[in-house]
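Listed below, chain by chain, are the residues.
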Amino acid sequence: MAKTEPQSSEDLQSDVATETLDWMFRMLVLLRRMEERTVEMFLSGKLPGWLHSYLGQEAIAVGVCAHLNEDDFVASTHRCRGHFLAKGMAPGPLMAEVMGKRDGICGGRGGEMHMADWSKGVIGSSGVVAGGLSLATGVAFASRYRKTGQVVVAFLGESATNQGAFHESLNLAAVWDLPILYVCENNGYGVSVPQRKAMKIGDVSVRAASYGMPGETIDGDDVIAVHRAAGRAVARARRGEGPTLLECCTHRWLGHFVGDPQAYRPKDELEACKRSDPIPRFEDYLLMEKVFTPAELEKVKAEVERQVTAAFEFATASPAPDPADALRGVFTEGTE
Amino acid sequence: MAKTEPQSSEDLQSDVATETLDWMFRMLVLLRRMEERTVEMFLSGKLPGWLHSYLGQEAIAVGVCAHLNEDDFVASTHRCRGHFLAKGMAPGPLMAEVMGKRDGICGGRGGEMHMADWSKGVIGSSGVVAGGLSLATGVAFASRYRKTGQVVVAFLGESATNQGAFHESLNLAAVWDLPILYVCENNGYGVSVPQRKAMKIGDVSVRAASYGMPGETIDGDDVIAVHRAAGRAVARARRGEGPTLLECCTHRWLGHFVGDPQAYRPKDELEACKRSDPIPRFEDYLLMEKVFTPAELEKVKAEVERQVTAAFEFATASPAPDPADALRGVFTEGTE
Amino acid sequence: MKSIRYHKAITEALAEELERDSRVLILGEDVGMGTAFASTRGLVERFGTDRIIDTPISESGIVGLAVGAALNGLRPIVELTIMDFVTVCMDPLVNHMAKLQYMFPGQHQGVPLVIMASCGGRVGAGPQHSQSLEAWFAHTPGIKVVMPSTSYDAKGLLKAAVRDNNPVMYLYHKGLLRAPGEVPEGEYTVPLGVAETKRAGKDVTVVATAEMVSQALTAAQDLEKAGIDVEVVDPRTIYPLDIEPIIASVKKTSRLVVAHEAVRFCGLGAEIAATVTEMAFDYLDAPVKRIGAPSVPIPFAPSLENAVLPGARDIVQACREVCGC
Amino acid sequence: MKSIRYHKAITEALAEELERDSRVLILGEDVGMGTAFASTRGLVERFGTDRIIDTPISESGIVGLAVGAALNGLRPIVELTIMDFVTVCMDPLVNHMAKLQYMFPGQHQGVPLVIMASCGGRVGAGPQHSQSLEAWFAHTPGIKVVMPSTSYDAKGLLKAAVRDNNPVMYLYHKGLLRAPGEVPEGEYTVPLGVAETKRAGKDVTVVATAEMVSQALTAAQDLEKAGIDVEVVDPRTIYPLDIEPIIASVKKTSRLVVAHEAVRFCGLGAEIAATVTEMAFDYLDAPVKRIGAPSVPIPFAPSLENAVLPGARDIVQACREVCGC
Ligand SMILES: Cc1ncc(C[n+]2csc(CCOP(=O)(O)OP(=O)(O)O)c2C)c(N)n1
Ligand SMILES: Cc1ncc(C[n+]2csc(CCOP(=O)(O)OP(=O)(O)O)c2C)c(N)n1
Ligand SMILES: [Mg+2]
Ligand SMILES: [Mg+2]
């Protein structure tokens, strides 16, 4: 599976509706600005726990989620906030959860690494590498079993493909033709360990062949390329033809967690990150193709900025969760 | 990875020494006769626990182990007795272990599913499917680390390749170029579940590509073919070039455990088993190529029969383990 | 009433629940064939391969898949067959199945699934197929754990487990599979979290689980001859533990022996002993005695296995000790 | 003597053992970088990538590999960083590492390896990164389990663990990483299986593990003002447990509180309470009190986490209760 060649833009524009392009641009900016402000807040010491930044990888969440319906699903990892925003989770409760507040989407119980929003098709993030893959596969299993037509996307990092849970999940999805798309975001590192130290292969998508499912490797910083490849895979899943492994090559700007000095990374690699920034690339494309004017793009950015500010205000204003609540709800009372 | 084409016999004879052919014939008969008599004993209700028969698969253990030195290693599964005999474990203590006797190689503590003989390079069987693979990989790791030149063979069933432990072990072996050969005995079934219900691929050896290691699929009932393919892989490991996944297609005559009615299996498939019996095939070859005379082969059989009888006598005569011994030896006293 | 074997009681419960609710399905290796323990025998013929699903040997994947399926409208049952294999799927069990309802409050009506597995030894299955690991799960918040000791409980608890909206580990005992027992003809369930007195007595209370219940009843018969009247209480559900009837019994007998097949150190017996001592300190005439396996793997040879696993004889001795005779 | 932080004590122990014995090596994710907890910081620069080995994210494979390597002449240390990840490698830990020496008697001089992992909460790491699961391993025959509470013990126990020929789980606590403590300049070890009295007292014994030792010492200071003289005993090794000094202390004080951060139900506290009650029944003036977490996952938000994890305040209250004041 070779990397997809860059497409000529004529070729591309035809198949993406303008409203989708608008949505994708808006989402890219939303993910970026939410992230930048969250990182700022973390660095000023105002967030509990750890923070895993999605800065630089936004095109993947956006290009993939553009194909999903409200009742479709996504599942994610420790690096999940971008996926969830792109799937439609409200920024305010998301941010409140990251802050550990009462109005967090999980009441502050989960934090960044363990949050979910079932009402928006967000199965959840898992703090265990590859731990969410089998759950996502099970949601797809139920979709097929109940014939609901729902498609599931499970996001994962390239290092997660070395976990047994990855292997078992993909094999099950393949053998039962489940409607799921495994989106592997290859940012080259698992914490400090580069891919070449963790596996002998180049393209992770070759692993798809072990399960008899298609695999493809693309430029994950090109939102149009992601949109196109994900479209094929989602359509395949909806037709009942089974799962796909889509590898999206990307760059992890800020290291594993915010504050990671990334001493293990060559300097020029860090510089290359910025050059592949998906937002200017998409902006250039939209302007060149005259999809939008510069003023229109600025207007979107301003709108998003207000949305982000409102989310932070909502989250900041929310109180700490009531300690008395901590002991409730381990079991549900309900029985059939 | 296509199945290896049957080789012309001229082509073959040249590269296998007569003493190896002799050893392989002797071993095939030993494995067969030990097994037949063990099954008999089990069916007469004289063995505790379960019994997983190796009948029909003997060519694999024999063809592979022909390449191993005394200080090389094998690791195995629930279906382990053939591998261990071929690696040089003494039949008497092996049989005594299966019977749960004091003179069993593990004093009756392990039984068929959990026995080892480190002095003969037998790492052990594991009762957990794929559970022994990482241990075998670790023995190979130490061999490389300590530069001992030891090669490790890990035997596994095709269904074991669906366990996460398979995936993780092969990836580690590949990334660190470990001197190990994973021999997958594809007998088409995991208990009652046929391969096609458990994976979407045909040749299991395609999974090697996920780890960047070579994979090959051969006729596992042709001891010469096994010997040839294993020879290449063992040589590769000895040269420090890393692991190989070798899939040997074979037939499981008696079902998963002895007494399995195999109602889930088509009748003609069961008949096909006998036709692929590796022993007559090898016998025909040895006679046709005039390596041995019929009388010579009969002599080997008689010798083996005496050996088998002695092993059963030894095992039967051994007393039950002393109950007082049951509580000893959870920890070793030694410290550095 | 009719008398059926324990394994048949399990299958009956499964069949009735599959019949009752189309969202119920069974996943596991060889469940089509019926499993090595006959727990699902005959179900695929009746309910088809869509609902009795043979899986690859991928316990971790299957348990995780069942959790996801439970979130999305199904009520899966996973048959692991051998409890020792929980070791390859602890992450979906402990970090996901057990915690989702709490971590994601208000988002789900529960995580309704049942994990079935056989625990215990006594069949010569050796160190990796004979363990009783219920204490691990009792120690893990968010999982209900049940251990039936009779055909009646095997059926009734399993039906209740399938209907519960929380994850339940259903641990049946290998040594009981062929034991017959009375079961009503009609529909019934045994509620989770409710202990039962299997034998009334006044001199000493024996709390026993799973196969140790029958060992305790055997011991009670023996002790009767010696003039010691034993009360046998079976918690049936390990978590949440129904401690009240145990306390009440101890207040009556003033003496307690706790017996399980699992390793004694950090086992359920310690929990019961500690709790009872805390709640009924002034009633106890003697310290609580605990019966359990020593800290040793379970060996294969029958002579060794018998030496490691506790039995009626140990219960008899412990009762004599706490009764001071 | 010098004062160093707990994480530094861990690294010193590793460096000294790597220096002493060329068969010792460290495997783990990001051990080259030093791990998120600085446990291996600086070691790769000194010992090279052949001995400080970054691994793929494959805990199960790595632990199994380490077991195999231990059989074949090495003395590996696996750094899992976060104890919750034992859930993905229970099979190699429990069915192989723990049982090999017993299953294959006389074949090996032991299975010498150390599994390092951080347990505990108090750093806002949430439900899947904060668990204390030592009871699972204490309940599993064949594994030694240690939990250091000070820099001194962190270093001495780790050195002893590396030299032991049996598998050792070395569980350090996240909340202690930056805590300073006195450590001798020269070589020393802390023997496995030996408890230590961290504070002498005569009114009540508190047995505490890991971070709860410092909570107990804080509680003791508080209680001193109220005229209650607390003795604090730290088992240091959870299995095999050194029960004698605990019994001796209880015989002196007649009152016992056991405190750990792990879930109370089926936790180590139950084991200690049950054993002490059995062995010193007539000495106890009050039933043993157990402090541990309730049966709830550990939530993320600080206000919730504090409500779930036990602390000095709970110990103070328990001591008052057993002392009847
Ligand atoms: C089972 C498990 N092992 C280790 C960790 C610690 N950990 C968290 S994220 C991570 C790296 C993941 O790398 P990758 O899958 O490539 O995702 P990325 O962080 O690059 O997005 C590690 C090792 C974990 N959370 N779970
Ligand atoms: C983790 C685990 N799951 C299930 C089992 C039960 N079991 C024992 S052997 C076996 C089938 C193995 O099939 P395969 O790997 O093809 O080997 P074969 O028996 O055909 O030689 C199963 C399911 C087990 N021992 N361990
Ligand atoms: Mg990555
Ligand atoms: Mg097979």
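Here the structure is shown first, and the text comes after it.
I will try to describe carefully the structure that is included in this document.

Thresholds applied
- In this numbering scheme, every chain counts its residues from 1 along its sequence in written order.
- Chain A is the first chain written and ligand 1 is the first ligand written, with later ones labelled in order.
- Given that the model is predicted, a residue must reach a pLDDT of at least 70 before its local features are reported, and side-chain atom pairs must reach 80 or more before they are shown or counted; all residues, however, enter totals for whole chains, interfaces and linings.
- Here the side-chain values reflect all heavy atoms present in the structure, with hydrogen atoms and water set aside.
- What makes two residues a contact is simply this: any of their non-hydrogen atoms within 4.5 Å.
- Using a 1.4 Å probe, buried area is obtained as the accessible area two parts lose upon being combined, added over both of them.
- By definition, a salt bridge exists where a carboxyl oxygen of Asp or Glu is found within 4 Å of a side-chain nitrogen of Lys or Arg.
- N or O atoms closer than or at 3.5 Å make up a polar contact, with two conditions inside protein: a donor-capable atom paired with an acceptor-capable one, and, for residues adjacent in sequence, both atoms drawn from side chains.
- Under the scheme used here, helices are H or I runs from DSSP no shorter than 4 residues and strands are E runs no shorter than 2 residues, and both carry numbers assigned from the N terminus.
- In the scheme used here, Gly and all other residues not listed as nonpolar or charged are polar, with Ala, Val, Leu, Ile, Met, Phe, Trp, Tyr, Cys and Pro taken as nonpolar and Asp, Glu, Lys and Arg as charged.
- Being near a molecule or strand, for a residue, comes down to having at least one heavy atom within 4 Å of it.
- Areas reported as accessible are Shrake-Rupley estimates using a 1.4 Å probe. Residue values count occlusion only from the protein chains shown.

Thoughts on the interface of chain D and chain C
You'll often see interface size given as the accessible area lost when the parts meet. In this complex, chain D contributes 51 residues to the contact, which on the side of chain C involves 51 residues. When chain D packs against chain C, close to 4600 Å² is buried across both sides, 66% of that on carbon and sulfur atoms. At the boundary of chain D and chain C, one finds four salt bridges. At the junction of chain D and chain C, the tally comes to 26 residue pairs in polar contact (both at pLDDT 80 or more). Only α4 (90–97), α5 (100–103), α6 (134–138), β12 (237–239), β13 (256–263), α10 (268–280) and β14 (289–293) of chain D provide two or more residues apiece to the side of chain D that touches chain C. Looking at the side of chain D that touches chain C element by element, the count peaks at eight residues for α10(D). Residues of the side of chain D that touches chain C, tallied by class, amount to 30 nonpolar, 12 polar and nine charged.

With respect to the site of ligand 2
Close to ligand 2 lie 20 residues; B:H78, B:R79, B:S159, B:N187 and C:E59 are nearest. In this structure ligand 2 sits where residues from chains B and C come together. At 3.1 Å, a backbone N or O of B:A160 approaches an oxygen atom of ligand 2. Between ligand 2 and C:E59 there is a distance of 2.5 Å, counted from a nitrogen atom to a side-chain nitrogen or oxygen. The fraction of the free accessible surface of ligand 2 (580 Å²) that becomes covered by protein chains is 93%.

Side note on the site of ligand 1
Not every one of the 20 residues close to ligand 1 is listed here, only the nearest: A:H78, A:R79, A:G127, A:S159 and D:E59. Around ligand 1, the neighbouring residues derive from chains A and D rather than from a single chain. Side-chain polar atom of A:N187 to an oxygen atom of ligand 1: 2.8 Å apart, as the coordinates give it. With the chains in place, 94% of the 590 Å² that ligand 1 exposes on its own is no longer accessible. Grouping the amino acids of the shell around ligand 1 by side-chain chemistry returns seven nonpolar, nine polar and four charged.

Concerning the interface of chain C and chain B
With 31 residues of chain C in contact, the opposing surface of chain B contributes 35 residues. Contact with chain B buries area across many residues of chain C, yet C:I57, C:F300 and C:L304 alone supply 25% of it, more than any other trio. In this assembly, chain C and chain B are joined by one salt bridge. Two residues, B:K197 and C:D54, come together in a salt bridge whose shortest N-O distance is 3.3 Å. Connecting chain C to chain B are 10 residue pairs in polar contact (both at pLDDT 80 or more). Counting residues per element, the side of chain C that touches chain B draws most heavily on helix α11 (residues 302–308) of chain C, which supplies five residues. Among the residues forming the side of chain C that touches chain B, the class breakdown is 20 nonpolar, eight polar and three charged.

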